[in-house]
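What follows is each chain in one-letter form.
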Amino acid sequence: MRIIGVDCGAEKTGYGVIDTDGSRHQLVSAGIVRTNTAEAFEKRLNVIADGLRDVLGAFQPGVMAVEEVFHSINTKSALKLAHVRGVAFLVAAQAGLSVSEYSPLSVKMSVVGYGRAEKQQVQMMVLSLLGVSQKFESFDATDALAVAICHGTQANSLLLSGTRA
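Keep in mind that this is a model prediction, so the values were computed, not measured.

**Student:** An account of the overall build of the protein chain is requested, with residue identities and associated values reported.
**Tutor:** The helix and strand inventory of the protein chain stands at 5 helices and 5 strands. The secondary structure elements of the protein chain, listed N-terminal to C-terminal, are β-β-β-α-β-α-β-α-α-α. Whereas a compact globule of 165 residues would reach a radius of gyration of roughly 15 Å, the protein chain reaches 15 Å, a difference of no more than 12%. When the backbone C-alpha atoms are referred to their principal axes, the protein chain occupies close to 45 × 35 × 30 Å. Across the 165 residues that make up the protein chain, the buried fraction comes to 44%. Considering only contacts in the protein chain between residues 6 or more positions apart, those separated by 24 or more positions represent 60%. In the structure as shown, the protein chain presents an accessible area of about 8,500 Å², 51% of it carried by carbon and sulfur atoms. The centroid of the 15 positive side-chain charges in the protein chain is displaced by 2 Å from the centroid of its 15 negative side-chain charges.

The following block contains the structure:
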């Protein structure tokens, strides 16, 4: 199964594409879609949409996994993040992909085994699970890969238990 994980952000939206059978994960691509904070917000949303469309076109994932909004951020940040998530959902729908959402806690539990893991711990485990040594240009890419790995693991668990995703 090929999965794209997305870590939404108004300045940097991370993406990570993996191939997985649910227990073994292989890196396909990872990076960020960076926006210019001096531009109008609607233009930044368009840059994110175009960037995600390019990634979907290039790597043809079968499903998208997105991290849920973290609840303790301020209201203004949460609203901007919700807009970016809306763009990601729209791009996925236009490409015919289903979207699964995971809380930051469940992503960290799935990847690290500890729900309060720091970004460096998540990065270290993502690199280990993917069998790569290179660090990515941003924690946003690492977080997106963690979301993709979480989805692959969760989807595999549901298949093994006989439950439909």
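**Student:** Outline helix α3 (residues 104-111), supporting the account with residue identities and numerical values.
**Tutor:** Listed in full, the buried residues belonging to α3 are P104, V107 and V111. Taken down its axis, α3 places every buried residue within 65° of arc, on the same side. Taken from the residues just after α3, G113 is the one with a positive phi, measuring 90°.

**Student:** Go over the pattern of salt bridges with me, naming the residues and quoting the values.
**Tutor:** By the definition in use, this model includes 6 salt bridges. The closest approach of N and O atoms between D50 and R53, which form a salt bridge, is 3.2 Å. Of this pair, D50 and R53 both sit in helix α1 (residues 41-59), 3 residues apart, roughly one helical turn. For D143, the salt bridge identified is with K119, shortest N-O distance 2.5 Å. Highlighted residues: D143 in helix α5 (residues 139-161) and K119 in helix α4 (residues 119-130), separated in sequence by 24 residues.

**Student:** Summarise the sheet that holds strand β1 (residues 2-7); cite the residues concerned and give the values.
**Tutor:** Within a sheet, each strand pairs with its neighbour through backbone hydrogen bonds, oriented either parallel or antiparallel. Overall, mixed pairing links the 5 strands, which are arranged β3-β2-β1-β4-β5 in an open sheet. Edge positions in the sheet fall to β3 (25-34) and β5 (98-102), since each of these pairs with one other strand and no more. Sheet twist, expressed as the mean angle between neighbouring strand axes with direction ignored, is 20°. Inspection of the sheet shows strand β2 (residues 12-20) paired to β3 by 9 bridges, in the antiparallel sense. Note that in β3 the partner of I18 across the bridge is L27.

**Student:** Just give me the short version of α1, but keep the residues and values in it.
**Tutor:** Note that an α-helix has 3.6 residues per turn; residues three or four places apart therefore point the same way. When the terminal C-alpha atoms of α1 are compared, their 27 Å separation across 19 residues agrees well with the 27 Å that a helix rising 1.5 Å per residue should span. Its buried side turned inward, α1 meets β1, β2, β3, β4 (63-67) and α2 (75-94). Directly beyond the C-terminal end of α1, a positive phi value near 50° is found at Q60.

**Student:** Describe the environment of S103, listing the residues and the values that go with them.
**Tutor:** Within the secondary structure, S103 sits in the loop between β5 and α3. Taking the C-alpha atoms as reference points, S103 and I4, 99 residues apart in sequence, are found 16 Å from one another.

**Student:** Please give an account of the nonpolar core that cites residues and values.
**Tutor:** By size, the foremost hydrophobic cluster in this structure holds 22 residues, and its most contacted members are I4, V6, C8 and M64. Looking at this core, the elements that each hand over two or more residues are β1, β2, α1, β4 and α2. Among residues more than four places away in sequence, those in contact with I4 are Y15, G16, V17, V55, L56, P61, V63, M64, A65 and A148. Counting 21 residues, the second-largest nonpolar core is a separate cluster that includes I32, A65, F136 and L145.

**Student:** Describe the environment of A117, and please don't skip the residues or the numbers.
**Tutor:** With respect to the helices and strands, A117 occurs in the loop between α3 and α4. What makes A117 buried here is its relative accessible area of 3%.

**Student:** Please give an account of the pairing of β2 that cites residues and values.
**Tutor:** Among the 9 residues of β2, 7 are classified as buried, and the element is accordingly described as predominantly covered. Pairing of β1 with β2, which is carried by 6 bridges, proceeds in the antiparallel orientation. By the bridge assignment for β2, V6 is matched with Y15. Where β1 folds back on β2, the antiparallel hairpin that results is connected by 4 residues.

The rules behind each value
- Numbering of residues starts from 1 in every chain and runs along the sequence as written.
- Given that the model is predicted, a residue must reach a pLDDT of at least 70 before its local features are reported, and side-chain atom pairs must reach 80 or more before they are shown or counted; all residues, however, enter totals for whole chains, interfaces and linings.
- Calculation of side-chain values draws on the structure's entire complement of heavy atoms; hydrogens and water are dropped beforehand.
- Under the scheme used here, helices are H or I runs from DSSP no shorter than 4 residues and strands are E runs no shorter than 2 residues, and both carry numbers assigned from the N terminus.
- The quantity called the radius of gyration is restricted to C-alpha atoms. Its globule counterpart is 2.2 Å times the number of residues to the power 0.38.
- Burial here depends on accessible area, computed with a 1.4 Å probe over protein chains only, as a share of the maximum for the residue type. Under 20% is buried, over 50% is exposed, and the range in between is partly exposed.
- It only takes one pair of heavy atoms within 4.5 Å for two residues to be counted as in contact.
- The protein chains shown are the only cover counted for residues, whose accessible areas, like all others here, come from Shrake-Rupley with a 1.4 Å probe.
- His is not counted here, nor are the chain ends, while Lys and Arg score as positive and Asp and Glu score as negative.
- For charged residues, the charge sits on one atom: NZ in Lys, CZ in Arg, CG in Asp, CD in Glu.
- Here the arc refers to the directions that run from the helix axis out to each C-beta atom.
- We define a salt bridge as a side-chain nitrogen of Lys or Arg found within 4 Å of a carboxyl oxygen belonging to Asp or Glu.
- Only strands joined by at least two bridges in the DSSP assignment are considered to pair.
- To get an axis, a line is fitted to the C-alpha atoms, and for a helix only the part in contact is used. The angle between two axes follows their N-to-C directions and goes from 0 to 180 degrees.
- Multiply 1.5 Å by the residue count of a helix minus one, and that product is the helix's expected span.
- Buried Ala, Val, Leu, Ile, Met, Phe, Trp, Tyr and Cys residues form a nonpolar core when they are joined through side-chain atoms within 4.5 Å.

Coordinates in, geometry out; function isn't part of it.
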